[in-house]
Amino acid sequence: MTPAQRSTFGHLNRRSFLRYSAFAGAALGGAGALAACGGNSGGSSGGTTEDGSKYGSVAVQLSWLKNIEFAGEYFADSKGYFKEAGFGSVDLVAGGAASTSVEAGLDTGKVWLGLSAPQTTAPAILEGLPAKIVATTYQKNPFAIVSAAAKPIKSPQDMKGRKIGVQDTNQLIFNALLTANGLKPGDVTVVPAQYDPTPLANGEVDGWVSYVTNEPITLAAKGFQNTHFLFADFDLPLVAETLTVAQSTIDKERDKLKAFLAAEIKGWKDAVADPAESARLAVEVYGKDQKLDLAEQTKEASAQNELVVSADTAANGLLSMTDALIEQNIAALRAAKIDIKAAQLFDLSVLREVYAENPGLK
């Protein structure tokens, strides 16, 4: 997991609520008007920009450091899908503990689009940020409780009377899991934890708040056999890695946004089809400075596909959300004491237009 981060909604940090939050030091600044995002962002109705492309260059902020989580973006960039869509370049800006949040980046105009999460974007919108989620990479959020295979915790009810390692910054989402499943904080023994799951391997706790594409894999690689259950499978079905833009982008740059989404879909189709190449791009190219392990990233890519692909995406296309899933997210946010309407947070109309105009993308 990541370094400790603030937990107030106005200064949310990456993974501090659902591990997909803004970064340290990020301030939304109230309801400030959005500037023109992403530098030389170009127009949306034809013509050329300074670099000669249709849409110019844009900055896209990732939700974390450049690892396997952004395989689709790596493919879209490396295979030229962004350029074919009319972009001079797409700057994939790494997130991290010292980075400003996607929401803050949109507010200041430093980024044109960002990867975030409903539980991060919703509070920002409620504070006045004019932005919307227009697509989602993960159909399920990756939060999980991991436990020893010899002493498995297979459901929230199994946590009763057990010791669970919970990071301070993940306490809100853990409490939301309890509430959604009719449990009270006193039903489990919460053990304050950091981000290294060694206490679980050592038997100091029975369960650990983790990321299904991370800790279960790294623990298994060290010989610790484990099992897990997903929060999303137990009444907390929040999506993750959501594509978020300023409302002005939807209103004034719709064609440009549609072109970007089409390139993203192509990239993620490639990523899903080739976990090994996804891992190679993460390890050897885009995340080279992270010293990532190829074997581990390959396993994480395969695990990630289980979150990206679903029966709904098979029917409607990658990055999509059904109306039912949107309503489930609104209900899950309400359980976490974030009261927002679907129309305030989501606008899937642009993506649906992309698929209507390009049925071959499904």
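Residues numbered from 1 in each chain as written. Predicted model: local features only at pLDDT ≥ 70, side-chain atom pairs only at ≥ 80, totals over all residues. Heavy atoms only, no water.

- An unreviewed UniProt entry annotates the protein as Thiamine pyrimidine synthase of Nocardia gamkensis.
- You can read under Sequence similarities (unreviewed entry) in the UniProt record for the protein the words "Belongs to the NMT1/THI5 family." (UniProt positions renumbered as here; feature names shortened; annotations may be inferred.)

## Let's talk about helix H13 (residues 323–335)
Here is step 1: An ideal rise of 1.5 Å per residue puts 18 Å on 13 residues; H13 measures up with 19 Å between its terminal C-alpha atoms.
Here is step 2: For H13, the set of buried residues is Leu325, Ile326, Asn329, Ile330, Ala332 and Leu333. Buried residues in H13, looked at end-on, bunch into an arc of 160°, giving them a common side.
Here is step 3: The inward-facing, buried residues of H13 abut helix H4 (118–126), helix H14 (342–345) and helix H15 (349–357).
Here is step 4: A positive backbone phi angle near 65° is found at Lys337, which sits one or two residues after H13. (Helix = DSSP H or I, 4+ residues; strand = E, 2+ residues; numbered from the N terminus. Expected span 1.5 Å × (residues − 1). Buried < 20%, exposed > 50% of the residue type's maximum accessible area, 1.4 Å probe, protein only. Arc of directions from axis to C-beta. Contact = heavy atoms within 4.5 Å.)

## Considerations on the pattern of salt bridges
Here is step 1: As enumerated under the stated definition, the model contains twelve salt bridges in all.
Here is step 2: In this structure, Lys140 engages Asp233 in a salt bridge whose closest nitrogen and oxygen atoms are separated by 2.7 Å. Here Asp233 lies in the loop between strand S9 (226–230) and strand S10 (240–246) and Lys140 lies in the loop between strand S4 (131–138) and strand S5 (143–148), a separation of 93 residues in the sequence.
Here is step 3: Judged by relative accessible area, Asp233 falls into the partly exposed class, the value being 43%.
Here is step 4: As a salt-bridge pair, Asp206 and Lys151 come within 3.2 Å of each other at their nearest N and O atoms. In this pair, Asp206 is assigned in the loop between helix H6 (198–201) and strand S8 (207–211) and Lys151 in the loop between S5 and strand S6 (163–167), connecting sequence segments 55 residues apart.
Here is step 5: The network of salt bridges with common partners includes Arg254, Lys258, Glu353 and Glu357. (Salt bridge = Lys/Arg side-chain N within 4 Å of Asp/Glu carboxyl O.)

## Re the side chain of Gln304
Here is step 1: With respect to the element layout, Gln304 can be found in helix H11 (residues 294–308).
Here is step 2: Leave out the neighbours within four places in its chain, and Gln304 touches Ile68, Glu69, Ala71, Tyr138, Thr213 and Trp268.

## Some remarks on the confidence of the model for the protein
Here is step 1: When pLDDT is averaged across the protein, the result is 87; 86% of the residues are at 70 or more.
Here is step 2: Below a pLDDT of 50 lies the segment residues 1–46, which in the model reaches 184 contacts outside its immediate sequence neighbourhood of four places, other chains included. (pLDDT = per-residue confidence, 0-100.)

## Overview of the packing of helix H9 (residues 254–273) against H15
Packed helices, taken two at a time, are described by the angle between their axes plus the distance between the axes.
Here is step 1: Where H9 contacts H15, the two axes come as close as 9 Å, and the packing angle between them is 70°. When the axis of H9 is compared with that of H15, the two are roughly perpendicular. Crossing hand, H9 versus H15: right-handed. In this structure, H9 contributes Arg254, Leu257, Lys258, Leu261, Ala262 and Ile265 to the contact, and H15 contributes Ser349, Val350, Leu351, Glu353, Val354, Tyr355 and Glu357.
Here is step 2: Of the residues assigned to the contact of H9 with H15, the class counts are eight nonpolar, one polar and four charged. (Axes fitted to C-alpha atoms, helices over the stretch in contact; angles between N-to-C directions. Parallel < 35°, antiparallel > 145°, perpendicular 65-115°, else oblique. Left-handed = near helix turned anticlockwise from the far one by under 90°. Nonpolar A, V, L, I, M, F, W, Y, C, P; charged D, E, K, R; others polar.)

## Considerations on the pairing of strand S7 (residues 189–193)
Here is step 1: The pairing of S6 with S7 spans five bridges and is classified as parallel. Across the sheet, the residue bridging to Lys163 is Thr189, located in S7.
Here is step 2: Chirality of the crossover, the property in question, places the unit of S6, helix H5 (residues 171–180) and S7 among those that are right-handed. (Pairing = 2+ DSSP bridges. Right-handed = clockwise from strand over helix to strand, strands pointing away.)

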